[in-house]
Amino acid sequence: MRWTQRGFRVTLPLLALSAAALLSGCGLGKQSTLSPAGPVASAQLGMFWESLAIMTGIFIVVAAVFLYSIIRFRARPGDNELPKQVHGNTTLEIVWTIIPIILLVFLAIPTVHYSFAFQAPATAMKVDVVGHQYWWEFDYPGSKVTTANIVHIPVNTKINFVLTSADVIHSFWVPELGGKTDLIPGRVNHLLLEASKTGTFYGQCAQLCGPGHAYMKFEVVVQTPAAYQAWVSAMQHPTVSVTTSEQKAGMALFKQDCSTCHTVGGTSFNGKVGPNLTELMTRPTIAAGTLTNTPANLAKWLHNPPGVKPGALMPNLNLSQTQIQSLVAFLETLK
Ligand code: CUA
């Protein structure tokens, strides 16, 4: 009795803690495969439910047979004989070979069907994606638009994401739009996605790629065709209006310290190492989704990039507060 009470006192809080930890993963957050927003994600969710149903069925049958066996055939007092030996029962062997084969066929048919159905057709709109430690480059071939950590696409349109990497293996994943595909250096992979409603969907690198891996996020902005065209047009014709002396000082400093790595549309800065900053102020976040895009956060980032995002390849430039303020003033003109 004593032990039972103590055991209870220890076990109950442990169970409650485990349940809390497990259940905190439930709920439909920003990145849930359970709330599909397009045909690819819906089909994949359907396959998930199908395999879950099959596995639940197997679990129930096996658990029932197991429970029945340990109760019905348990050793009883005075029962010293060996139970009946059924090793090598041909009927049983055939049954438990054929049933799994049938179940696997039921899983294989939709898997193979969708593997072919979701190959990107030649007519699909292409977006080139390059994974970098630790940010995303998006290029729109043919329209001379390049952006970073945010990708705009039109609704109800098949998009062929053409994936490669500049350094190590990353993985492109937008849970609400469809399953993930790796970005591999020296190789090109394709991922077909389509969004059936407008809104913002959240993507994430899903392959451990270094200390900044967890900070390698991006946003997919799904727009009506008209809004999407307006965005493309704005990106193609950026205007940078630098008027105040602080903005001018910031632009001069940018030219000296930042332009070898960053491109800014509407200026002569065309570095290719870091993220393209054209129309930067139209993006809701900076540093691959790490910080919301506010002047205070831009200053925080410029003060010490690796301090904000571990492993960030942009070094701490040891800028003074005045330099940071003028750089922020310049960056704020990029809209
Ligand atoms: Cu890139 Cu993880």
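Only a predicted model underlies this, so the values are computations on that prediction, with no experimental measurement involved.

Participant: Whenever I open this one, the environment of Val188 confuses me. Can you help?
Facilitator: Within the secondary structure, Val188 sits in the loop between β7 (178-183) and β8 (189-193). In this structure Val188 touches Val162 and Leu163, once residues within four positions along its chain are discounted.

Participant: Please clarify how the packing of helix α6 (residues 295-303) against helix α8 (residues 321-331) should be interpreted in this entry.
Facilitator: The description of two helices packed together rests on the angle between their axes and the distance between the axes. One can describe the packing of α6 onto α8 by two numbers: an axis separation of 9 Å at closest approach and a directional angle of 130°. Relative to α8, α6 is oriented oblique. Where α6 crosses over α8, the handedness of that crossing is right-handed. Facing α6, whose interface residues are Pro295, Leu298, Ala299, Leu302 and His303, α8 presents Gln321, Ile324, Gln325, Leu327, Val328 and Leu331. When the residues that make up the contact of α6 with α8 are grouped by side-chain class, the tally is eight nonpolar, three polar and no charged.

Participant: Is there a simple way to explain the domain arrangement of the protein in this structure?
Facilitator: When the parts come together, some accessible area is lost, and that loss is often what is quoted as the size of the interface. Partitioning the protein into domains gives domain 1 (28-69 + 89-237) and domain 2 (245-331). Here domain 1 and domain 2 have C-alpha centroids that lie 32 Å from each other. With both sides pooled, the region where domain 1 packs onto domain 2 buries about 1,400 Å², and carbon together with sulfur makes up 60% of that total. Remark: the boundary between domain 1 and domain 2 carries zero salt bridges. At the boundary of domain 1 and domain 2, one finds six residue pairs in polar contact (both at pLDDT 80 or more). Mapped by element, the contributors of at least two residues to the side of domain 1 that touches domain 2 are β3 (145-148), β10 (217-223) and α4 (225-236). Classifying every residue of the side of domain 1 that touches domain 2 gives nine nonpolar, five polar and two charged.

Quick notes on the rules
Residues numbered from 1 in each chain as written. Predicted model: local features only at pLDDT ≥ 70, side-chain atom pairs only at ≥ 80, totals over all residues. Heavy atoms only, no water. Helix = DSSP H or I, 4+ residues; strand = E, 2+ residues; numbered from the N terminus. Contact = heavy atoms within 4.5 Å. Axes fitted to C-alpha atoms, helices over the stretch in contact; angles between N-to-C directions. Parallel < 35°, antiparallel > 145°, perpendicular 65-115°, else oblique. Left-handed = near helix turned anticlockwise from the far one by under 90°. Nonpolar A, V, L, I, M, F, W, Y, C, P; charged D, E, K, R; others polar. Domains from an automatic or database assignment. Buried area = accessible area lost by both parts, 1.4 Å probe. Salt bridge = Lys/Arg side-chain N within 4 Å of Asp/Glu carboxyl O. Polar contact = N/O pair within 3.5 Å; in protein donor to acceptor, adjacent residues only side chain to side chain.

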